[in-house]
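Structural overview for review
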Amino acid sequence: MSIIMNKMKACSAVVHNVSDDAVNSSWHAELNSQMSSQSCKVESDATEASGSSPLEMVAVYIKDEPEDGKEDIAVKEEPIDSNVNRTRRYLTKEEIASLLEEIESDFSSNTDIESDHEPTKNSAVFSHDQAASSDDDEQFVIQITSEENATDSCISTSQDEPNLSRNVRRKWRKKAEKASNIEFIDYKENYKDILSPLDSFLLFFDDDLLNKINYETNLKCSQAGKAADISVDEIKTFLGINIVMGYNRCPTINSYWMTGDDIGVQCIKEAMSRDRFYKILHHLHLNDNSKMNRSKADKLYKVRPLLKILKQKFEVMRGPQEHLSVGKLIIKFKGRSSLKQYNPLKPIKRGYKVWCLADDEGYVYDFDIYAGKSTSQIPCRGASLGLEADVVLKLTEKLHGKNHKVFLGNFFSSIPLLETMKANKIQACGTIRTNRKDFPHLESDKKLTRGKYDYRSTTDGITVFKWMDSKAVHLISNFHGTENSTVSHKLKNGQKIIVKCPLAIKDYNEHMGGVERHDQLRQLYGIKRKNIKWWHCIFFGLLDMAIVNSFILYRDAGHPTIDLLDYRRELGTGLLTFSTKPKTSCKRRRKSDFSTPASVRLSNVGVHWPQFNVSRGRCQVCSKKGEEARPAVECEHCKVHLCCNSARNCFKEFHQ
């Protein structure tokens, strides 16, 4: 009996339509006549236990329903010798159901097999296209149920399947596809004429945001028992000082206020005192702590107002370009925080992860600080496609219907994601990992030489490429065809070579890198300083992002030749003009030591010679002692006035 069951799996008889009342007598009669006319001829691989010769044919048919209401299947075995008679045995309904349930469904076949693959002549397995040749619009799956479940539907059509499910089995084919020729719907630029870098920056840090920062900072001062006397102009000056500190580095914050020719920044000392700067830095706040939910439902509560305003400003000030890219950047932070991420393979191993959507120039249109897997999901979507897919869908949810071309890294790309984006009229392309679900079977690396590629596509317009360069590169696209192009490579010896590639590879190399470009501009002269408070790093990181976006906006407004350093210098000095510090200099206090370092006044004695000047100055030795003396003698090397006469010899004492 097991031999018959195994051989029936290879039977090529196909049942196209099965109605809900599949157990009635008319269905048996139809199936009996059909299977009698199409008897399956299979070659037997076993012999009967009784020692009879191998069977040449096994014919299965359904006998008419007996009077007692039992359905039986008769198995007729016809040996090679027709003179030998065989006994006939009938199967019960339970044996029929178990027998047919073991027949493999067409949907359980390997999805890596192309649809245009033709089975061999001796193959006994039909493809799904052959099985559904009578009706191409529907797909049928046969289910055999018991009598009490016979009323349930046994047919599952493609209409019942979810459109964008991750469990959908896709069929790949090797067929040349044409690129989608869809016109991009451009946006109108919303920014006005920008005359200076300060005007460009204040489009993002406008009066509403500055007043919010000023209010929350004064509120924090009052809660701490300090005077709430910080003004908006002082907040602007504070931001300008931090911008100047970005491109003019000193060892410590105190170093910017040191008096000396070799250290300190004069414009910072004139704009704000050191103690005033520390007061603003210590009490800087963006949200009221007293209203914070102690259950920590919102991990970014302290910077939430800044996030909302900047996200809105980034989107409004410039319309998204045709070519965009999705990536991540890291805001460096080594302190203690539940938001901190660690990646040992990256240059910045510890910090806050920020998902970004940017164009080729590096302008960021949308961003999202990673605060946990649940925060990256879209609540209205229903079933999630995974963290990486939800991040992309969340960043591009305002781009639907514009036919943008979005480029992704292999962390984000997946087949269900590109199908979803195509349904939203967003064209996507990116590298993909080979362990993604439903990834098609492609040529092995040994069969591909440099410049050659293999591909597979679906009927939905999803194409997967495998291009061989120095190593294999896998790419997926929902709008590229199989058109060819070339890329230029530079070898180790300096020689340039031209390598053939699909057009998708060339487009990916040209337009994938907007987030990296923004991150490069952000860190070039960014505000890099250790911060005790965890959210200060996020605040200054977002400040740098706003500066980069305003820089790109300023160049598009008719100033294409300015570089980032000159832009930051003009912006920083422009913000320092809002200083309210009086310009009168205070009296210098008496010092406990000489102004000239000991390594200068005590070394190389041969260069220290007294010289006489017309102008007089205060003697440093007498000043240290608290005595008044204004000699005309000055050290030629140290440039300090010293007494050198018969009454006092401060010149000798100063250099010993």
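Here is a short report on the structure shown in this document. (Residues numbered from 1 in each chain as written. Predicted model: local features only at pLDDT ≥ 70, side-chain atom pairs only at ≥ 80, totals over all residues. Heavy atoms only, no water.)

**Observations regarding helix α10 (residues 304-317)**
Since there are 3.6 residues in each turn of an α-helix, residues three or four apart along the chain are aligned in direction. Rules: Only DSSP runs of H or I reaching four residues or more are called helices, and only runs of E reaching two or more are called strands; each is numbered from the N terminus. Here the expected span of a helix is defined as 1.5 Å times the quantity of residues minus one. Under the scheme applied here, a residue whose accessible area is under 20% of the maximum for its type counts as buried, over 50% as exposed, and between as partly exposed, the area being computed with a 1.4 Å probe on protein chains only. Between two residues, a contact is recorded if the distance between any of their heavy atoms is within 4.5 Å.
The end-to-end C-alpha distance of α10, which contains 14 residues, comes to 20 Å, matching closely the 20 Å that a straight helix rising 1.5 Å per residue would cover. What α10 keeps buried is the set P305, L306, L307, L310, K313, F314 and M317. Where α10 is buried, its residues contact α6 (207-223), β7 (364-369) and α15 (534-556).

**Re the pairing of strand β12 (residues 472-477)**
Looking down a regular strand, the side chains alternate between one sheet face and the other. Here is the rule: Each pair of strands is called paired provided DSSP finds at least two bridges between the two strands.
Two strands pair when backbone bridges link them, and strand β9 (residues 427-431) and β12 are joined in this way by 3 bridges, in the antiparallel orientation. Within β12, the position partnered with T431 by the bridge is L475. The pairing of strand β11 (residues 463-468) with β12 spans 6 bridges and is antiparallel. In the sheet register, F465 faces β12, and the bridge partner there is L475.

**Here we look at the pattern of salt bridges**
Pairs may arise between side chains of opposite charge once their charged atoms sit close together. Defined as follows: When a carboxyl oxygen of Asp or Glu is within 4 Å of a side-chain nitrogen of Lys or Arg, the pair counts as a salt bridge.
Summed over the entire model, instances satisfying the criterion amount to 28 salt bridges. K405 is the salt-bridge partner of E322, the closest N and O atoms lying 2.8 Å from each other. In this pair, E322 sits in the loop between α10 and β4 (323-332) while K405 sits in strand β8 (residues 405-408), placing the two residues 83 residues apart along the sequence. Overall, the relative accessible area of 26% leaves E322 in the partly exposed class. For K405, a relative accessible area of 13% gives the class buried. Salt-bridge contacts for K394 lead to D368; the nearest nitrogen and oxygen are separated by 3.6 Å. Of this pair, K394 sits in helix α11 (residues 387-395) while D368 sits in strand β7, and the two are 26 residues apart along the sequence. Of the residues examined, D368 reaches a relative accessible area of 17% and is grouped as buried.

**Re the nonpolar core**
The condition that has to hold: The term nonpolar core refers to a set of buried residues drawn from Ala, Val, Leu, Ile, Met, Phe, Trp, Tyr and Cys, joined through side-chain atoms within 4.5 Å.
In this structure, F205 and F367 are the most contacted members of the largest nonpolar core, which totals 103 residues. Among the elements that make up this core, the one with the highest residue count is α15 (15 residues). Counting 14 residues, the second-largest nonpolar core is a separate cluster that includes F407, L475, V487 and I505.

**Things to note about the environment of S222**
Among the secondary structure elements, S222 is positioned in helix α6. The class for S222 is partly exposed, based on a relative accessible area of 42%. Measuring from C-alpha to C-alpha, the distance between S222 and H283 comes to 9.7 Å, with 61 residues separating the pair along the chain.

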